[in-house]
Amino acid sequence: MSSNDIRSILSLPQTAASSSQARRSVPLAKKPEGISRELYALIGDNAPSLAQAQSSLAAVKYRDRPKLKAKSAKWAWKQFSPAARKDAVPLSHWVRMSDVDGISNDQYFAQFNEHGPSVMEYSQFEYDQHLADPDWTPHETAYLFDLLRTYDLRFVIAADRYDYRPPNGGVVRPRSIEDLKDRYYGICRRLLRTRTASDPQAQQQVLQSYAFDKQREIKRKQYSSELFHLTSAEIAEEEALYVEVKRLEQNERRYRADRDDLMRTVLGLDSGLVEFDQASAEALGFTKKRKRPDDFEGPASPIPVTKKQKESAAFDIAHGIYRVPSTAVNISTSHLASKHPIHLPAHLRSTKIALPRPTAAIRIAELLTELNINSQKLVMPTRANLEVFDRLLLAAGGLIDMKRQVDRVEQEIRNLKAQQQGYVPPVTSRKTRSLSVTSTDTSATGRRSRQ
Amino acid sequence: MVYNGDEVSALVVDFGSHTTRAGYAGEDTPRVVCPSFYGYVDEPDASASGTNGEDVPMDGAAETNGGGSVKRKGRKYFVGENGPGLWRAGMEVDNFMVDGVVHDPEPASHLLHHVLHERLGVDPTEHPLMITEPAWNTQKAREALAQMAFEGEKVPAMYLGSAGVLSSFAAGKPTALVLDVGYANSSAVPVVDGYALRAGTMRQPLGSALLVNQLHHHFTNPTPSRAFPLSLTPRQLIAKRDPADSVQPKPLLREDRAPHTTASWRLWAEQFQVVDSWKEACGEIVNTRGFDFASAKELPQTLYEFPDGYHQYFGEERYRFTEMLFDPKNYFNQTIEPPAVLRTVVSGPHSHSLKDLVPLHQLVHDSIMACDVDVRAALLQNIVVVGNTSLTRGLCERLDFELAGLLPGQKIKIHSPTIPFERKYSSWLGGSVLASLGTFHQLWVTKDEYEEHGMSIVNQRCK
């Protein structure tokens, strides 16, 4: 009996997905462990998620009974000796008897007995030949090497524990960590150089790794020690300077961008401020900038007339071609012009014709129609005609402007005459308003002064 | 082999100026914590018993003379929890530690014997013993310790662990600057790769002993707000509390005890039991801005009652005296006679005497600056603050603040265990960790080696 059957008994609507076809196609293998077939059929495709999701839950098994008869592991209190010790150490610990054959504890811990980089060895002969140093006795050198071996080349600790006393009561020299390093690395270098090496390249590399410059090391330590003695004021100043530099850099960048933008829109050329990267900015940037005006200060040479242009002049006259000299930018004023050729975007020459002001344009058009001149288009727009037409337009514009001025003056005269005769009352209202304004102003200032 | 440990049932004993800790290696707390003070009674004839019948030595230290040291004739020692803490007729109290070093080996060996046999109940011949020592331990004290362990207790193996190194191990750091603010001393020990650097080790007798001494003077003298001195009578001398809730209580004293009480016991009881408890309950450090008398009135007050019944809301005293740790110039009153033990410390390259105490942060600063430049940054980022007095509320925050002022721009990190006993017993804890490591066991100095080579093998191993 499936859930579908129950649904039909209870006259519940069949779910769309649970067609018997689909039911058949799903193999029963999906049935999880631990649920009887009948029970699973009841659940059906309503998909009891929990049981399926936690199939382990269904497959839960009870813990095995403790094997009471199994023998408990045997532990024994056994004496042992750490691997690094040759003598008998009276130490004991608990050992599981089953593990005795396997890797024992002391062997396990022996693997941690690692020593640092090995300290170089030298023979007495080598010392006599190469390593003698007036500042160091052989005895003290041996003491140093012994100490370094004890502390696995930790110079900080070796210098801290350095307490050499000459055997026959000589002078005790205080040795700094740099002295020790200098002596040790010096010996290492000399030993390496004298010993014959199978691979000279490798020898060079090892020699490199033993390089030690005492003076430089002392200087370095001095510098880094100074960092610990900075006062908070100095640190604040340093930080403020850093912020200032960052701000300056940002300003510089913004200024450059603005200038580029402006030059491009107004003059159509690059500002010419060379992009310089951050790294060189501090070192080179400013000097470079200061120099640049000098470089370009001299008067720019006029653009030479090339041969080709000379040839074409005759051609131009023959064909009525008129070339406009490129005077858009005064060369001498811009030092950039010689470097960056003037960039002229493509344009129609007609756009260069001066257009009358839009307010005056209608009046000019009216005027021209009065004179029976077509203001829109010239029948023959030659150069000469256009120049005449241009002049005409200019003259018309001037006339109209004049007319307007005259009109205004006449109107004013009329107004004044009317006032004089009393037709129009004098502008008292305007005066009172201005008075009130001033009064409020004084009050305001008065209040301020009181404060 | 969990955590690479290998239990050899070692014991760890940590002699401190204030308390001595002992326990099994591998455990996280010491089993025994008892005062490092001891009581003694000098008896002209050794056979004579005490005046009271019940006054048999609780520890039996005097009878079972395990120590190989020369025993002073006719002196009876009372050590351990029931040593100085119990009132005994004519008992003097003293401390075998001076400047953090075991100074008097005889009572120390009695205490060790007491701890091992009576308290831990072990047979020391079966257990390797780790003993802690301060970084400035003297050769003489080392010898005494080795002798105590090998000859006195006949331990099979021994190791001397440096307390600073062990504290940094307890904090899980091989490289650290350990600031230990303890009872007798406050010390700063730089530890690099598990070795304490001698150059940077600094100490000064600025600890709770001095603090308690100053407080004791404050309480036993009238102040502007309190017209009468406090009696500070310890509970051992009180028969019955004053039932009337008066301002100056007059408890009923045990008249039988009063005439037989020695001055040293009385002083110990007043300082160690009464004032020290007050200090731990009330003492606090004003955060960051420091103490000043103008704003002291607004500081929170707390009620405290002394054993004799005197009680009061304490305000500025809670902060004024602890301020000494960070401003000894202004808050350490030189006119008050300091404990004689603290006066033994002389000024030197690695120590400050009572005359020129420096603030704790200055101590840390000097210690770090005395080390090589290359390890300073690592030390600054691993400052471990331990010691019982460092549990004074607000100490770590104040230290952080003051250090940041001294070393601006440096990255400073202070690590201090939050669990009180980890701070109080940090060197014991480090010893417990170290002595239970499988890789450590090759470092034990065995009895055979000691008998063959003497102290040289100890000095060679425990470096």
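These numbers come from a predicted model, not from an experiment.

Enquirer: Sorry, what's going on with the overall build of chain B here?
Expert: Looking only at helices and strands, one finds 15 helices and 21 strands in chain B. Evaluated residue by residue, chain B yields a buried proportion of 61% over its 463 residues. A separation of at least 24 residues holds for 71% of the contacts in chain B among residues at least 6 apart in sequence. Here chain B has roughly 18,400 Å² of accessible surface; of this, 52% comes from carbon and sulfur atoms.

Enquirer: I would appreciate a short explanation of the packing of helix α16 (residues 358-370) of chain A against helix α17 (residues 383-421) of chain A in the present structure.
Expert: Two measures define how a pair of helices packs: the angle their axes make with one another and the distance between the axes. All names here are of chain A. Orientation of α16 relative to α17, taken along the N-to-C sense of each, is 110°, at an axis distance of 9 Å. Relative to α17, the element α16 lies roughly perpendicular. Contacts from T359, A360, R363, I364, L367 and L368 of α16 reach α17 at L392, L393, A396, G397, L399, I400, K403 and R404. When its residues are assigned to classes, the contact of α16 with α17 shows 9 nonpolar, 2 polar and 3 charged.

Enquirer: Any chance you could explain the confidence of the model for chain A here in plain terms?
Expert: Detailed reading of the predicted model is not advised wherever pLDDT is low. All names here are of chain A. Averaged over chain A, the pLDDT score is 74; the fraction of residues at 70 or greater is 68%. Predicted confidence for residues 273-302 stays below pLDDT 50, and this span has 21 contacts to residues more than four positions away or in other chains. Confidence drops under pLDDT 50 across residues 328-334; counting only partners more than four residues distant or on other chains, this segment forms 4 contacts.

Enquirer: What is the right way to read the nonpolar core from this model?
Expert: In globular proteins that are soluble, nonpolar side chains generally tend to be buried together. Within the largest apolar cluster, 103 residues are counted, with the highest numbers of intra-cluster contacts made by Y184 of chain A together with F219 and F306 of chain B. Residues within four places of Y184 of chain A in sequence aside, it is in contact with S118, V119, M120, L144, F145, L148, L153 and F155 of chain A. Residues L91 of chain A together with L129, M130 and Y425 of chain B belong to the second largest nonpolar core, which totals 54 residues.

Enquirer: Just checking my understanding: could you explain the interface of chain B and chain A for this structure?
Expert: A common way to express how large an interface is: the accessible area buried when the components associate. Chain B puts 38 residues into the contact, and the matching count from chain A is 35 residues. Surface buried jointly by chain B and chain A totals about 3,200 Å² across both partners, of which 59% is contributed by carbon and sulfur atoms. Joining chain B to chain A, the criterion identifies 5 salt bridges. For E449 of chain B, the salt bridge identified is with R85 of chain A, shortest N-O distance 2.8 Å. Across the chain B-chain A interface, the total number found is 11 residue pairs in polar contact (both at pLDDT 80 or more). Those elements that place two or more of their residues in the side of chain B that touches chain A are β13 (195-196) and α10 (373-380) of chain B. Per-element tally for the side of chain B that touches chain A: the top contributor is α10 of chain B, with 6 residues.

Enquirer: Looking at this structure, I do not really get the sheet that holds strand β6 (residues 92-95) of chain B. What am I missing?
Expert: Strand-to-strand pairing in sheets goes through backbone hydrogen bonds, with the strands running parallel or antiparallel. Residue and element names in this part refer to chain B. Pairing is antiparallel across the open sheet formed by 3 strands, whose spatial order is β5-β4-β6. With partners counted over all chains shown, the strands left at the sheet margins are β5 (75-78) and β6, one partner each. Taken pair by pair, the neighbouring strands of this sheet meet at an average axis angle of 35°, ignoring direction. As judged from the 4 bridges shared by strand β4 (residues 37-42) and β6, these two strands associate in the antiparallel manner. Bridge pairing links Y38 to D94 in β6. Sheet contacts for helix α5 (residues 263-282): β4 and β6; angle to β6, the most-contacted strand, approximately 60°.

Enquirer: Sorry, what's going on with the packing of helix α10 (residues 177-194) of chain A against helix α12 (residues 214-228) of chain A here?
Expert: Residue and element names in this part refer to chain A. For the pair α10 and α12, the least separation of the axes is 10 Å and the interaxial angle reads 150°. The angle between the axes of α10 and α12 places the two elements in the roughly antiparallel class. Crossing hand, α10 versus α12: right-handed. Here α10 contributes I177, E178, D179, K181 and D182 to the contact with α12, which in turn contributes K214, E217, I218 and K221. Split by residue class, the contact of α10 with α12 holds 2 nonpolar, no polar and 7 charged.

Enquirer: Would you take a moment to explain the side chain of T322 of chain B for this structure?
Expert: Within the secondary structure layout, T322 of chain B lies in the loop between α7 (317-320) and α8 (328-331). The contact partners of T322 of chain B, leaving out residues within four places of it in the chain, are L211, G283, E284, I285 and T392 of chain B.

Enquirer: Sorry if this is basic, but what is going on with unusual backbone geometry here?
Expert: Glycine aside, the phi torsion of most residues is negative, and most peptide linkages are trans. If you check the backbone angles, L153 of chain A has positive phi at about 60° while not being a glycine. As for its position among the elements, L153 of chain A is in the loop between α8 (138-150) and α9 (155-161). Accessibility expressed as a relative area gives 16% for L153 of chain A, which makes it buried. The phi angle at D99 of chain B is positive, at roughly 60°, despite the residue not being glycine.

Enquirer: When you look at the sheet that holds strand β1 (residues 11-15) of chain B in this model, what are you seeing that I'm missing?
Expert: Residues and elements named next belong to chain B. Ordered in space as β3-β2-β1-β9-β10-β21, the 6 strands form an open sheet in which the pairing is mixed. At either margin of the open sheet sits one strand with a lone partner, and together these are β3 (32-35) and β21 (445-446). Across 5 bridges, the pairing between β1 and strand β2 (residues 19-24) is antiparallel. Directly across from D14, in β2, lies its bridge partner R21.

Enquirer: Honestly, the packing of aromatic side chains in this entry has me stumped. Any pointers?
Expert: Centre-to-centre distance and the angle between the planes together describe a pair of aromatic rings. Taken as a whole and assessed by the stated rule, the structure comprises 37 aromatic pairs over all chains. When the centroid spacing of 5.3 Å and the interplanar angle of 50° are considered together, the rings of Y143 of chain A and Y164 of chain A count as tilted. Residue Y143 of chain A is located in helix α8, and its partner Y164 of chain A is located in the loop between α9 and α10; the two are separated by 21 residues in the primary sequence. Exposure remark for Y143 of chain A: the relative accessible area of 24% places this residue in the partly exposed category. By relative accessible area, which is 8% here, Y164 of chain A ends up buried. Pairwise contacts between aromatic rings join Y122, Y127, F145, F155, Y184, Y185, Y210 and F212 of chain A into one cluster. Taking NZ or CZ as reference, R376 of chain B lies 5.3 Å from the ring centre of F228 of chain A, over its face.

About the cut-offs
- Counting restarts for each chain: residues are numbered from 1 in the order of the written sequence.
- Key to labels: chains lettered from A, ligands numbered from 1, both in the order written.
- Two thresholds apply to this predicted model, a pLDDT of at least 70 for residue-level local features and 80 or more for giving and counting side-chain atom pairs, whereas whole-chain, interface and lining totals are computed over all residues.
- Heavy atoms throughout the structure, all of them, feed into the side-chain values; hydrogens and water do not.
- Here a helix means four or more residues in a row that DSSP labels H or I, a strand means two or more in a row labelled E, and each is numbered from the N terminus.
- For each residue, the accessible area found with a 1.4 Å probe, counting protein chains only, is set against the maximum for its type, and the residue is called buried under 20%, exposed over 50%, and partly exposed in between.
- Any two residues whose heavy atoms approach within 4.5 Å at even a single point are treated as in contact.
- Residue exposure ignores everything except the shown protein chains as possible cover, and the areas themselves are Shrake-Rupley values with a 1.4 Å probe.
- Fitted lines through C-alpha atoms serve as axes, helices being fitted only where they are in contact, and the angles separating the N-to-C directions of these axes extend from 0 to 180 degrees.
- Roughly parallel means an angle under 35 degrees; roughly antiparallel, over 145; roughly perpendicular, 65 to 115; everything else is oblique.
- Polarity classes work like this: nonpolar for Ala, Val, Leu, Ile, Met, Phe, Trp, Tyr, Cys and Pro, charged for Asp, Glu, Lys and Arg, and polar for all others, with Gly in that last group.
- Per-residue confidence from the predictor is reported as pLDDT, which spans 0 to 100.
- Only buried residues count toward a nonpolar core. Its members are Ala, Val, Leu, Ile, Met, Phe, Trp, Tyr and Cys residues joined through side-chain atoms within 4.5 Å.
- Here's the idea: put two parts together, see how much 1.4 Å probe accessible area each one loses, and the total over both is what we call buried area.
- Salt bridge criterion: a side-chain nitrogen from Lys or Arg within 4 Å of a carboxyl oxygen from Asp or Glu.
- In the analysis that follows, any N or O atom pair within 3.5 Å is treated as a polar contact, provided that within protein one partner can donate a hydrogen and the other can accept it, and provided that, for residues neighboring in sequence, both atoms belong to side chains.
- Any two strands between which DSSP finds at least two bridges are classified as paired.
- Take the far helix as your reference; a near helix turned counterclockwise from it by less than a right angle gives a left-handed crossing, and one turned clockwise gives a right-handed crossing.
- Two rings belonging to Phe, Tyr or Trp (six-membered ring only in the last case) form a pair when the distance between their centres is within 6.5 Å. Interplanar angles under 30 degrees mark stacking, angles over 60 mark edge-to-face geometry, and anything in between is tilted.
- A positively charged side chain is recorded as over a ring if its NZ (Lys) or CZ (Arg) lies within 6 Å of the ring centre. The angle to the ring normal must also be within 35 degrees.

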